[in-house]
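# Secondary and tertiary structure notes
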Amino acid sequence: MILDPRQRSTTSAAAFDERRRQLLAEIAEEVARTRDYLGKAALGERVMAALAKVPREAFVPAESTAAAYENAPLPIGCGQTISQPYIVAVMTDMLEPRAGDRVLEIGTGCGYQTAVLAELVARVYSIEVVRELGTAAAGRLRRLGYENVELRIGDGALGWPEEAPFDGIIVTAAAASVPQTLVGQLKRGRRLVVPVGEAGGRQELMILEKAMDGSIVERTTLPVAFVPLKSAYR
Ligand code: SAH
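Summary of the structure given here.

Cut-offs used in this document
- Residues numbered from 1 in each chain as written.
- Predicted model: local features only at pLDDT ≥ 70, side-chain atom pairs only at ≥ 80, totals over all residues.
- Heavy atoms only, no water.
- Near = heavy atom within 4 Å.
- Polar contact = N/O pair within 3.5 Å; in protein donor to acceptor, adjacent residues only side chain to side chain.
- 1 Å grid on protein atoms, 1.4 Å probe; cavity = no way out; pocket = protein on both sides within 12 Å on 5 of 7 lines; lining within 4 Å.
- Sits in = over half its atoms within 2 Å of the grid points.
- Helix = DSSP H or I, 4+ residues; strand = E, 2+ residues; numbered from the N terminus.
- Nonpolar A, V, L, I, M, F, W, Y, C, P; charged D, E, K, R; others polar.
- Contact = heavy atoms within 4.5 Å.
- Points joined across faces, edges and corners; volume = space filled by probe spheres on them.
- Salt bridge = Lys/Arg side-chain N within 4 Å of Asp/Glu carboxyl O.
- Buried < 20%, exposed > 50% of the residue type's maximum accessible area, 1.4 Å probe, protein only.
- Axes fitted to C-alpha atoms, helices over the stretch in contact; angles between N-to-C directions.
- Parallel < 35°, antiparallel > 145°, perpendicular 65-115°, else oblique.
- Left-handed = near helix turned anticlockwise from the far one by under 90°.
- Disulfide = S-S within 2.5 Å.

A few words on the site of the ligand. The ligand sits among 25 residues. The nearest are Ser83, Gly107, Glu128, Gly156 and Lys230. Interatomic distance of 2.9 Å between a side-chain N/O atom of aspartate 155 and a nitrogen atom of the ligand. Lysine 230 is positioned such that a nitrogen or oxygen atom in its backbone is 2.5 Å from a nitrogen atom of the ligand. More than half of the atoms belonging to the ligand lie within 2 Å of the grid points that define the largest pocket. Contributions of two or more residues to the shell around the ligand are made by strand S2 (80–82), strand S3 (102–106), helix H5 (112–120) and strand S4 (123–128). With 3 residues, S2 is the single largest residue contributor to the shell around the ligand. Considered class by class, the residues forming the shell around the ligand number 11 nonpolar, 10 polar and 4 charged.

Moving on, we come to the environment of glycine 109. Relative to the helices and strands, glycine 109 is located in the loop between S3 and H5. In the structure, glycine 109 is positioned 61 residues away from isoleucine 170 in sequence and 13 Å away in space, judged by C-alpha atoms. Sequence-distant contacts of glycine 109, that is, excluding residues within four places in its chain, are made with Ile76, Glu128, Leu133 and Ala137.

This paragraph deals with the layout of surface pockets. If you add up the space inside the largest pocket, you get close to 550 Å³. Around the largest pocket, the lining comprises 36 residues; the ones closest to its centre are Thr81, Ser83, Thr172, Phe226 and Val227. Among the elements of the structure, S2, helix H4 (85–94), S3, H5 and S4 are those that each provide at least two residues to the lining of the largest pocket. By residue number, the principal contributor to the lining of the largest pocket is H4, which donates 4 residues. In the lining of the largest pocket, the residues fall into 20 nonpolar, 11 polar and 5 charged.

The next subject is the pattern of salt bridges. According to the stated counting rule, one finds 14 salt bridges in the structure shown. Its salt-bridge partner being glutamate 57, residue arginine 20 comes within 3.6 Å of it at the nearest N-O pair. Placement of arginine 20 in helix H1 (residues 5–33) and of glutamate 57 in the loop between helix H3 (45–53) and strand S1 (74–77) is noted, with a sequence separation of 37 residues between them. Taking the relative accessible area as the measure of exposure, arginine 20 reaches 9% and is therefore buried. Looking at glutamate 57, the relative accessible area reads 18%, which means it is buried. Arginine 190 is the salt-bridge partner of aspartate 101, the closest N and O atoms lying 2.8 Å from each other.

Interaxial distance between H4 and H5 falls to 11 Å at its minimum, and their mutual angle equals 40 degrees. Here H4 lies oblique to H5, going by the angle between them. Both H4 and H5 take part in a crossing whose hand is right-handed. Where H4 abuts H5, its residues Val88, Met91 and Thr92 lie against Tyr112, Gln113, Val116, Leu117 and Leu120.

What the rule picks out here adds up to 0 disulfides. Sulfur of cysteine 78: no disulfide; nearest cysteine sulfur belongs to cysteine 110 and is 12 Å away. Taking relative accessible area as the criterion, cysteine 78 reaches 37% and is therefore assigned partly exposed.

For the bond running from alanine 164 to proline 165, omega is 5 degrees, close enough to zero to count as cis. In this fold, proline 165 is placed in the loop between strand S5 (149–153) and strand S6 (166–171). Its identity as a non-glycine residue notwithstanding, cysteine 78 has a phi of 55 degrees, on the positive side. Here cysteine 78 is to be found in the loop between S1 and S2. With a phi angle near 50 degrees, glutamate 96 is a residue other than glycine that sits in the positive phi range. Looking at where glutamate 96 falls in the secondary structure, it is placed in the loop between H4 and S3.

What follows is the structure, encoded as C-alpha cells:
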C-alpha cells in the first residue's frame with residue numbers, strides 16, 4: 001500500500017495534538033506538586049492556552065521529534081538545550097504576561113519560549129548569543145507565522161536599550177548574579193524572571209518585581225538547572 005503523504009501528515013499532526021494535550025496535563029500535575037515553591041497550585045489559563053498552541057515538535061532537531069512532547073529538556077546543538085516544558089510554563093506564568101505587553105527574552109535558543117510569549121503579548125524581543133541558533137530560530141519562527149517577534153544576535157546581558165523599558169524580562173540561561181543592566185530596562189510594576197546561580201551548580205529561579213517607587217522586591221522560587229549565561233558583563 002502506498003501512503004498518501006498528505007494523509008500521513010494529517011495523522012501525525014493529530015498525534016502531536018494528542019501528545020500536546022497529555023503534556024499539558026503533566027505540566028498541570030507538576031505545578032500542583034510544586035505548589036509550595038510556586039505559591040500557587042495552577043498556572044493562568046492564558047498561559048496554558050498558549051502552550052496548547054505552540055507545536056514543540058517544530059522546535060526540536062529532526063532526530064528528537066519522537067521526544068518532542070516529553071516533559072524534559074532536549075539538546076538542540078551548539079551545546080545548548082530546549083528548556084523543559086514545565087519550566088517554560090512556570091517562567092511564562094511568573095512574568096504575568098498581558099496582551100499589550102512588550103517583553104524581552106534573553107537566550108532565544110530554538111525559539112520555543114519566544115513562540116509561547118508571542119502567543120501571549122504584543123511584541124517579543126529576543127537576544128541569542130550563538131549566531132547559528134539565532135539564525136535558525138528566526139527562520140523557524142517566520143515559517144510558523146510569528147510576526148510579532150524581533151530577534152537579535154548579541155550579548156543579552158546588555159539588554160536591548162533602544163527598546164527599553166520592557167513590560168517583562170525573562171532570562172533563559174543562568175546568571176551568576178542578578179543582571180542589573182536588565183533590572184534597569186524593566187518598567188515599574190513589572191517583573192524580571194531569571195535563574196541565578198553557578199553553572200552546573202545550584203541555581204534558583206528568581207522573580208524580581210520593580211515596585212512603583214522603583215524599589216526591587218526579590219523572591220526565590222524553584223531550584224533549577226540552566227546552561228550558563230555567557231557574558232563578559234555579568
Ligand atoms: N529559551 C530557550 C532556552 C535556550 S537555552 C527555549 O525556549 O528552549 C539558553 C540559551 O541562552 C542558549 O541558546 C544560549 O546560547 C543562550 N545564551 C547564553 N548566554 C547568552 C547571552 N549572554 N546572551 C544571549 N543568549 C545567551
